[in-house]
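# Close look at the chain arrangement
For reference, the chains in residue letters:
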Amino acid sequence: MERHRGTTVRSGRPPGRAPRRGTTAPLAAVLLTALALLLAASGCTSRNEGGAGPGRTGASNTATALGWGFTHTQYSADTGDDAAVTRARGLLSAQGLPQDQAIMGWGAGNPEPSPGSYDFSDLDRRVDYIRSTGATPVITLCCAPDWMKGGEPGASSTDWSVRSLETAPLPAHYQDFADLAAKIARRYPDVRHFIVWNEFKGFFDDTAQRWDYEGYTQLYNRVYDALKKVNRSNLVGGPYLVMDSYGPQDQSFASSLKGPWGSVDQRVLDAFRYWNEHKKGADFVVVDGASFTRTNQLLPDAFAATDKFTAVSEWLREQSGLPLWWAEYYVEPATSGWSEQRRLATQAAGMMALARGGTATALYWSPQQRSGPCPGCLWTPTQQSDGGRELPMYALIVKFARAFPPGTRFTTVDVAADDVPDVRVLASVKNLLVVNTLDRAIDAEVDGRTFPMAAYEVRWLTR
């Protein structure tokens, strides 16, 4: 689903590696060559293979409900100008939002270029940065090294095209991928939360026109067993399906899970039910999706479309009985041309809908550009000397996380009859969030108070 929002995700060699200084001198080259020969002689041909990654930060978080956080993508706060990276670290350290990182792609290199030969340098850097902010790290176990997918082994042979990255491991290599997952779990022993794969990538059967949920479930079960063997306290979730929906004009794959916002693809529901019935176990359920349809329709409008998140969340929780995670959630079609204020208002409405549905964890897919404007970004680019500064979307997520943590009991509030169509409201005993869905100013009457609201304003109140 990260294909939406116009975000560059994974073409080319993942940029963002930390600069390596002083390694071009002849003496350094000689020393590195000698070290490589020594490792080879001892039977270890890996880079950064040690039993554990960079230093830990306190006790592991074993909660299955982490609340509101974000995912690191191709460019993130761990690289760039030193002052900007430090500034961003301070910003993130002040809040402790959970942070997710994939093991290959989205800023991380090939972790096992050849069988038994490892390179965790990128993943180490990302995990170390997350730890340095005091946040709970989450690892998404995607994607797979080329040799597990029928490609050539070797770091120089890694194919970073979207087509290659989105190819699933061959069944003969399911156990190899599970073994890699176990090695990663041992390397980062304080990481407790693992998401298995991403969006069923490579598991669509073009001939049968359905998801190969049997194949994914076999992969999932092997990874689940491997992670639990490392530590029974490891928390594992799947299936990370995209909850695609279609408008009423397209009945090809219509299902009974529907509303004014459309109908969820029956093939997705079939895949979920199979995984749910045949999984070895799970500590939480993971999905992603958008409020708009596969053809970018916002039904009946951008704000009412977010009701899809509530309906789908309730269905998933009823089916599984497990805590529900949204690994990605989107409210804005690509090239929408929205203003930042409209974007914030619609995002707030989407988060409200997820919360109403009982979502335990929601991770914002965090774009970051290296320069220029970045609609929906969380902080200014750390590749710039003045970067690493908070942007409005980050402020929204932080406020939401504080006001409505997991387990919040929501209450109803009075809204004036003529305001009901125009505002979205979420309230707990202590906090109240009101969103003006109109592109004009209004006078809202909510919870016994009357106050002016600017166009698309997001208003926070205490009760």
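Placed above this text is the structure.
In this report, we go over the structure that sits alongside the text. Since the model is a prediction, treat every value here as computed from it, not as a measurement.

Reading the values: rules and limits
Numbering of residues starts from 1 in every chain and runs along the sequence as written. Local features are withheld for residues below a pLDDT of 70 in this predicted model, meaning they are given only at 70 or higher, and side-chain atom pairs are given and counted only at 80 or more; totals for whole chains, interfaces and linings count all residues. The side-chain numbers reported here are obtained from all heavy atoms of the structure, hydrogens and water having been left aside. Secondary structure elements are taken from DSSP: a helix is a run of H or I of four residues or more, a strand is a run of E of two residues or more, and numbering for both begins at the N terminus. Only protein chains enter the accessibility calculation, which uses a 1.4 Å probe; a residue is then buried when its area is under 20% of its type maximum, exposed when over 50%, and partly exposed in between. Contacts: residue pairs with any heavy atoms within 4.5 Å of one another. Here, Shrake-Rupley sampling with a 1.4 Å probe gives the accessible areas, and only protein chains in the shown set may cover a residue. Pairing between strands is defined by DSSP: at least two bridges between the two strands are required. Angles here are taken between N-to-C directions and fall from 0 to 180 degrees, while the axes themselves are lines fitted to C-alpha atoms, restricted in helices to the stretch in contact. Take the number of residues in a helix, subtract one, and multiply by 1.5 Å to get its expected span. Only centres within 6.5 Å qualify two rings of Phe, Tyr or Trp (six-membered ring in Trp) as a pair; their planes then separate them into stacked at under 30 degrees, edge-to-face at over 60, and tilted for everything else. Throughout this description, the term charge over a ring refers to an Arg CZ or Lys NZ atom that lies within 6 Å of the ring centre and within 35 degrees of the ring normal. The criterion is simple. A nonpolar core is a set of buried Ala, Val, Leu, Ile, Met, Phe, Trp, Tyr and Cys residues joined through side-chain atoms within 4.5 Å. The criterion for a disulfide is a pair of cysteine sulfur atoms lying within 2.5 Å.

## Overview of the overall build of the chain
What the chain contains, in helices and strands, is ten helices and 18 strands. Within the chain, the proportion of its 463 residues that are buried is 56%. Here the analysis covers contacts within the chain between residues at least 6 apart in sequence; of these, 72% occur between residues at least 24 apart. Of the roughly 18600 Å² of accessible surface on the chain, a fraction of 51% belongs to carbon and sulfur atoms.

## Describing the sheet that holds strand S8 (residues 245-246)
Taken in spatial order, the three strands line up as S8-S10-S9 in an open sheet, and their pairing is antiparallel. Each of the sheet's edge strands pairs with one partner strand only, and the pair in question is S8 and strand S9 (258-259).

## Some remarks on the sheet that holds strand S14 (residues 423-427)
Taken together, three strands build an open sheet; the order of strands is S14-S15-S18 and the sheet is antiparallel. Only two strands of the sheet have a single partner each, and these edge strands are S14 and strand S18 (458-462). Neighbour to neighbour, the strand axes of the sheet diverge by 15° on average, direction disregarded. Bridge count between S14 and strand S15 (residues 431-436): five bridges; the pairing is antiparallel. Directly across from Arg 424, in S15, lies its bridge partner Val 435. Packing against the sheet, helix H9 (residues 340-356) makes contact with S14, S15 and S18, and its axis sits at approximately 45° to S14. Each of S14, S15 and S18 touches helix H10 (residues 392-403); the most contacted strand, S18, lies at about 30° to it.

## A word on H10
Between its first and last C-alpha, H10 extends 16 Å over twelve residues, near the 16 Å set by a 1.5 Å rise per residue. The buried count for H10 comes to nine of twelve residues, which makes it a mostly enclosed element. Turning to H10, its buried residues number three or more, namely Met 393, Tyr 394, Ala 395, Leu 396, Ile 397, Val 398, Phe 400, Ala 401 and Ala 403.

## Some words on the packing of aromatic side chains
Overall, the coordinates contain 26 aromatic pairs when judged by the stated rule. For the pair Phe 400 and Phe 404, a centre-to-centre distance of 5.0 Å together with 65° between the ring planes defines the contact as edge-to-face. Three or more aromatic residues joined by ring pairs make a cluster, and in this case those are Phe 200, Phe 203, Phe 204, Trp 211, Tyr 216, Tyr 220, Tyr 224, Phe 272, Trp 275 and Trp 315. We note Arg 210 situated over the ring of Tyr 213; from NZ or CZ to the ring centre the distance is 4.4 Å. Its end group placed over the ring of Trp 275, Lys 279 keeps NZ or CZ at 5.2 Å from the ring centre.

## What about the nonpolar core?
In terms of nonpolar packing, the biggest core is built from 119 residues, with Trp 68, Trp 197 and Met 243 touching the most fellow members. Tallying contributions element by element places H9 first for this core, with nine residues. For Trp 68, the residues in contact, after removing those within four places along its chain, are Leu 97, Pro 98, Tyr 329, Met 351, Leu 354, Ala 355, Ala 362, Ile 397, Phe 400, Ala 401 and Phe 404. Among the nonpolar cores identified, the runner-up in size contains 13 residues, and Ala 427, Leu 432, Val 434 and Val 446 belong to it.

## Remarks on H9
Residue pairs three or four apart in sequence face the same way in an α-helix, which turns once every 3.6 residues. With 17 residues, H9 ought to run about 24 Å at 1.5 Å a step, and its terminal C-alpha atoms sit 24 Å apart, in line with that. Extensive coverage of H9 is indicated by the burial of 13 of its 17 residues.

## Here's the deal with the state of the cysteines
This model, assessed by the stated rule, comprises two disulfides. The side chain of Cys 142 participates in a disulfide bridge whose partner is Cys 143; the two sulfur atoms lie 2.4 Å from each other. Judged by the sign of its S-S torsion, about 60°, the bond between Cys 142 and Cys 143 is right-handed. Look at Cys 142 and you get buried, because its relative accessible area is 0%.

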